[in-house]
Amino acid sequence: MPLNSLFSSPSTKLDSTVRRRVYAEEMRLILTHTATGSIVSTLFAIFVVAHLVQGTGDSGVPKLFVLIWLTLKIGIVIPRVLHAYHCKRLDDAGEVAPYHWTVPLLTVDGSVWGLGGAALMVGATGAFATTVAAVLACVACVATFGLQVRALAAMAYVVPMLGPVAVMLLARGDDIGLIGGIGLVFFLSLLARTSNSWERRMSEVFQLRIATERAANQAVAARAEAEYNANQLGAALGLADVHAKSKDRLIAVVSHELRTPLNGILGLVRLLRSKTQLDVDQVNNTLLLVQQSGEHLSRLVDDLLDTAAMESGRLALRLEPTKLVDLIAGIQSDFSVRADEMGLR
């Protein structure tokens with residue numbers, strides 16, 4: 001299997017938004033225990049080196065080398081811890097975290113392990129070389145367990161760690177070196193396949209969670225839209241009911257208003273027919289009253305047309321001067337004939 005397919009992310013076929021979210025979830029999970037894991041691994045490294053140096057003396061490791069190696073180890077642990085804290089702070093604030101530094105820092109940390117192990121192999125006995133290889137294999141196994149959510153991150157840490165040791169074992173030329181070197185290569189391949197398989201599974205979990213969140217958000221949005229539409233429909237029905245009631249009231253008012261000028265016109269006509277002899281002034285006055293009643297009817301018709309225009313949203317207001325005296329006189333003329341018929345003075 002090609003290396004690029006072995007370490008390729010299963011999320012490469014996803015859309016960019018989902019891919020970024022899956023990547024962020026993977027990095028967030030990797031950095032969750034970075035501080036604790038880095039400190040524990042550093043303490044373990046100090047214990048192992050101190051034990052080897054102060055043990056049987058088979059290794060012949062100079063104390064200066066130990067001090068330099070521990071300085072390098074602590075020097076890379078501090079940036080890793082600070083990077084994890086910085087990413088968490090930005091992530092909690094909803095900002096974009098610099099996750100792209102995670103893999104390079106892991107590579108440097110693994111290289112420190114690997115170079116230290118390779119240096120210990122120089123001139124070491126078979127038992128000591130086997131012990132160093134076993135210790136680094138244990139460290140690589142534990143690290144893979146925490147980093148396998150992202151295969152690239154896991155391999156960036158364990159390949160620089162075990163690669164130099166495997167090369168130094170094979171360079172020994174004896175049976176221990178041959179078996180140990182080949183064993184580390186197979187062990188490294190097994191870690192790579194395990195990391196890749198685990199990454200695919202975790203990616204599916206992240207994708208499922210993202211899809212569930214999207215479905216939930218869409219359901220909430222659909223519910224909110226349905227409630228909004230229901231409220232709009234209720235408001236529209238209420239407005240329609242108000243318009244219907246207003247129209248009923250208008251019809252009642254207009255019916256009453258139409259009856260008044262009609263009664264005036266009919267009364268004037270009956271007055272003209274009942275009187276056989278009328279002078280010119282009486283005829284003109286009567287015709288004027290008929291004209292005013294007709295104009296009143298015309299205004300009522302205009303009001304009806306204005307009401308229809310209001311419902312269609314095309315009503316235009318017209319401001320016109322009105323003489324109050326003429327208005328009162330028109331009202332008086334409308335009711336005078338009716339009053340005469342009823343004998344009112």
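Residues numbered from 1 in each chain as written. Predicted model: local features only at pLDDT ≥ 70, side-chain atom pairs only at ≥ 80, totals over all residues. Heavy atoms only, no water.

Locating Glu26 in the fold gives a position in helix α2 (residues 16-31). On the basis of relative accessible area, Glu26 is assigned to the buried category, the value being 0%. Those residues in contact with Glu26 that sit more than four places away from it in its chain are Val149, Arg150, Glu199, Ser203 and Phe206. (Helix = DSSP H or I, 4+ residues; strand = E, 2+ residues; numbered from the N terminus. Buried < 20%, exposed > 50% of the residue type's maximum accessible area, 1.4 Å probe, protein only. Contact = heavy atoms within 4.5 Å.)

Looking at the second largest pocket, its volume works out to about 570 Å³. In terms of lining, the second largest pocket is formed by 26 residues, of which the most central are His33, Gly37, Val142, Ala143 and Gly146. Along the lines of polarity and charge, the residues of the lining of the second largest pocket split into 15 nonpolar, nine polar and two charged. (1 Å grid on protein atoms, 1.4 Å probe; cavity = no way out; pocket = protein on both sides within 12 Å on 5 of 7 lines; lining within 4 Å. Points joined across faces, edges and corners; volume = space filled by probe spheres on them. Nonpolar A, V, L, I, M, F, W, Y, C, P; charged D, E, K, R; others polar.)

All right, on to empty space enclosed by the protein then. The full count for this structure, using the stated rule, is two cavities of 30 Å³ or more. The volume enclosed by the second largest cavity comes to roughly 60 Å³. Residue lining of the second largest cavity: Ile30, Leu31, Thr34, Arg80, His83, Thr102, Leu105 and Leu106, and that is the complete set. Elements supplying a minimum of two residues to the lining of the second largest cavity: α2, α4 (63-92) and α5 (102-121). The leading source of residues in the lining of the second largest cavity is α5, at three residues. Residue classes in the lining of the second largest cavity are distributed as four nonpolar, three polar and one charged.

Model confidence for the chain is summarised by a mean pLDDT of 79, while 82% of its residues fall at 70 or above. Taking the mean pLDDT of every element in the chain, the minimum, 41, falls on helix α1 (residues 3-6) and the maximum, 91, on helix α7 (residues 151-172). For the stretch residues 1-12, pLDDT sits under 50, and the model shows 22 contacts to residues farther than four places along the chain or on other chains. (pLDDT = per-residue confidence, 0-100.)

Contact geometry for helix α6 (residues 126-147) and α7: axes closest at 9 Å, N-to-C directions at 165°. Our classification of the angle between α6 and α7 gives roughly antiparallel. The two elements α6 and α7 cross, and the hand of that crossing is left-handed. Side by side, α6 and α7 meet where Gly126, Ala129, Ala133, Leu136, Ala137, Val139, Ala140, Ala143, Thr144 and Leu147 of the first sit next to Ala153, Ala154, Tyr157, Val158, Met161, Leu162, Val165, Leu169 and Arg172 of the second. Its residues placed into classes, the contact of α6 with α7 shows 16 nonpolar, two polar and one charged. (Axes fitted to C-alpha atoms, helices over the stretch in contact; angles between N-to-C directions. Parallel < 35°, antiparallel > 145°, perpendicular 65-115°, else oblique. Left-handed = near helix turned anticlockwise from the far one by under 90°.)

Our next topic: a nonpolar patch on the surface. Taken together, the side chains of Leu170, Leu178, Ile179, Ile182 and Phe186 define a hydrophobic patch exposed on the protein surface, amounting to about 510 Å² of accessible area. No other element matches helix α8 (residues 175-274), which puts four residues into the nonpolar patch. Among the structural elements, Ile179 can be located in helix α8. Look at Ile179 and you get exposed, because its relative accessible area is 61%. (Patch = residues over 30% accessible without salt bridge, like charges linked within 9 Å, V, L, I, M, F, W, Y side chains within 5 Å. Areas by Shrake-Rupley, 256 points an atom, 1.4 Å probe, with all protein chains shown as cover. Salt bridge = Lys/Arg side-chain N within 4 Å of Asp/Glu carboxyl O.)

In this section: the state of the cysteines. One pass over the full model with this rule turns up zero disulfides. Left unpaired, Cys141 is separated from the closest cysteine sulfur, that of Cys138, by 7.3 Å. (Disulfide = S-S within 2.5 Å.)

The subject of this paragraph is the packing of α4 against α5. Contact geometry of α4 with α5 gives a least axis separation of 10 Å together with a crossing angle of 165°. In this view, α4 runs roughly antiparallel relative to α5, as classed from their interaxial angle. Relative to α5, the crossing made by α4 is left-handed. Across from Phe65, Trp69, Leu72, Lys73, Ile76, Pro79, Arg80 and His83 in α4, the residues of α5 making contact are Thr102, Leu105, Leu106, Val108, Asp109, Val112, Trp113, Gly116, Ala119 and Leu120.

Here we take up the nonpolar core. Counting 52 residues, the largest nonpolar core has Trp113, Tyr157, Met161, Leu162 and Leu184 as its most contacted members. Only α2, α4, α5, α6, α7 and α8 provide two or more residues apiece to this core. Look past the residues within four positions of Trp113 in its chain and what remains in contact with it is Ser41, Ala45, Trp69, Lys73, Leu136, Val139, Tyr157 and Met161. (Core = buried A, V, L, I, M, F, W, Y, C linked by side-chain atoms within 4.5 Å.)

Aromatic ring pairs are reported here in terms of the distance separating the ring centres and the angle at which the planes meet. Following the criterion strictly, the structure yields two aromatic pairs and no others. Ring geometry for Trp69 and Trp113: centres 5.5 Å apart, planes at 70°, overall edge-to-face. Of this pair, Trp69 sits in helix α4 while Trp113 sits in helix α5, and the two are 44 residues apart along the sequence. (Phe/Tyr/Trp six-rings, centres within 6.5 Å; stacked < 30°, edge-to-face > 60°.)

With that settled, the discussion passes to the pattern of salt bridges. What the rule picks out here adds up to ten salt bridges. The partner of Asp92 in a salt bridge is Lys88, with the nearest N and O atoms 3.0 Å apart. One end of the pair is Asp92 and the other is Lys88, both in helix α4 and four residues apart, which spans about a single turn. A relative accessible area of 52% means that Lys88 is categorised as exposed. Residues joined in a network through salt bridges with shared partners are Glu25, Arg28, Asp91 and Arg209.

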